[in-house]
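Below, each chain spelled out in residue letters.
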Amino acid sequence: MRHLAEVTLHVWRTLGLVAMLTVCAVASNVAAQQAPDITEKEIERYRAMISDPFANPAYLNVDRGETLWAQARGTKNVSLQGCDLGEGAGRIDGVYAKLPRYFADTDRVMDIEQRLLWCMEMLQGVDTKDVIKRRFSGPGIVSDMEDLVAFIANKSNGMKFAVSVSHPKEQEMFAVGEAMFYRRSSIMDFSCATCHADDGKRIRLQGLPNLSKPGKNAQETMGTWPTYRVSQSQMRTMQHRLWDCYRQMRMPAPDYASDGITALTLYLTRQAEGGDILVPSIKR
C-alpha cells in the first residue's frame, strides 16, 4: 500500500509539473504573439515623440543648404541658382519628386547628388574633390551635399513621387536597379531583397519594409529620406542609407554618386510612386 501511495503521489506531481509547463508554454506563446504588436506600438510612440518639426535638427541642414544654393563659388564665382535640376535653371520646387531622371545635356540618368556635382563643376568651376571627401557628415565634418539635398528635397515637401521611366535610358537604369536589388553577393551572400522582399521581417526592434513591390512600404520609406538620425546625431540622405546597407552586407563600398546607386534609387523611388514626401524626417 505504501508503494502504491508513493507511485500515486509521483504521478500527481508529474501531472502537476506537466500542467505547469503547459501553462507556461501557452503563456509564452501568447506573449510571443503579442510582442511584435507591443514593440511596434512602442516604436510608433517613440517616433511620435520625436516627430515635432521644430525639434528636428535637420532643419539646420535645410537652412545651410539654402545659403549654399545662393552662394557664389568656384573659379566662375557664380551660385547654383543657374543649375537645372530638371524643371529649368534655378527651379527647385518639386524637382526632388521627379529624381532620378534623364538629362539631355549629359545624356545620362542622374540622381540629385550626381546632378549637383555636375553643376558645381560645369556651372561654378568648383573642384569637387573636397565636396566628395565631405560627402557624409560626422564629428567636426559638415557636408555641403547633405545640406543641399536637405534644402532641395524640402522644396518637394507634401508632394508625391512621380519619377519617369519613359526614356530608354531611364528604362535601362530601372532594369539595372531592379537587378541590383535582387543580386546576391559578397561573403554574406546577401542582397537588398534578403531583408526587404518579405512582409513582417525584423532585425531586433527594427521593422524591415518590403520594398520588392509598389505601395505603402516603399512610399513611407522613400518619402521620409533625407532624415535626421537620432542614433547618429546627423542628417542622412538616401545616398548614405544605401552606402550603409552595402557596408552592413559586407559588400565593397559603392562609389559616391555612382550610376549603380542612381539605378537602385530609381528602382526604389519608382516603387514609391504616388507616395507623399515628408522631409526632412526624424528617425531613431
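Residues numbered from 1 in each chain as written. Predicted model: local features only at pLDDT ≥ 70, side-chain atom pairs only at ≥ 80, totals over all residues. Heavy atoms only, no water.

This brings us to the environment of V109. Within the secondary structure, V109 is located in strand β2 (residues 108–110). Residue V109 is classed as buried on the basis of its relative accessible area of 3%. Remark: the alpha-carbon pair of V109 and E170, spanning 61 residues in sequence, is separated by 6.3 Å. Discounting chain neighbours no more than four positions away, the residues touching V109 are P100, R101, Y102, Q114, K169, E170, M173, T262 and L266. (Helix = DSSP H or I, 4+ residues; strand = E, 2+ residues; numbered from the N terminus. Buried < 20%, exposed > 50% of the residue type's maximum accessible area, 1.4 Å probe, protein only. Contact = heavy atoms within 4.5 Å.)

If a residue is not glycine, its phi is most likely negative; likewise, a peptide bond is most likely trans. Note that the residue after L99, namely P100, is joined by a cis bond; omega there is 0°. Relative to the helices and strands, P100 resides in the loop between α2 (58–70) and β1 (101–103). Of note, the bond from V279 into P280 is cis; its omega dihedral lies within 30 degrees of zero at -5°. In this structure, A257 is a non-glycine residue whose phi angle is positive, near 55°. Tracing the backbone through its elements, the reader meets A257 in the loop between α9 (238–248) and α10 (259–271).

Per-chain confidence: the protein averages 88 in pLDDT, with 82% of residues scoring 70 or above. Predicted confidence is poor over residues 1–34, with pLDDT under 50, and the contacts of this stretch with residues over four places away or in other chains come to 0 contacts. (pLDDT = per-residue confidence, 0-100.)

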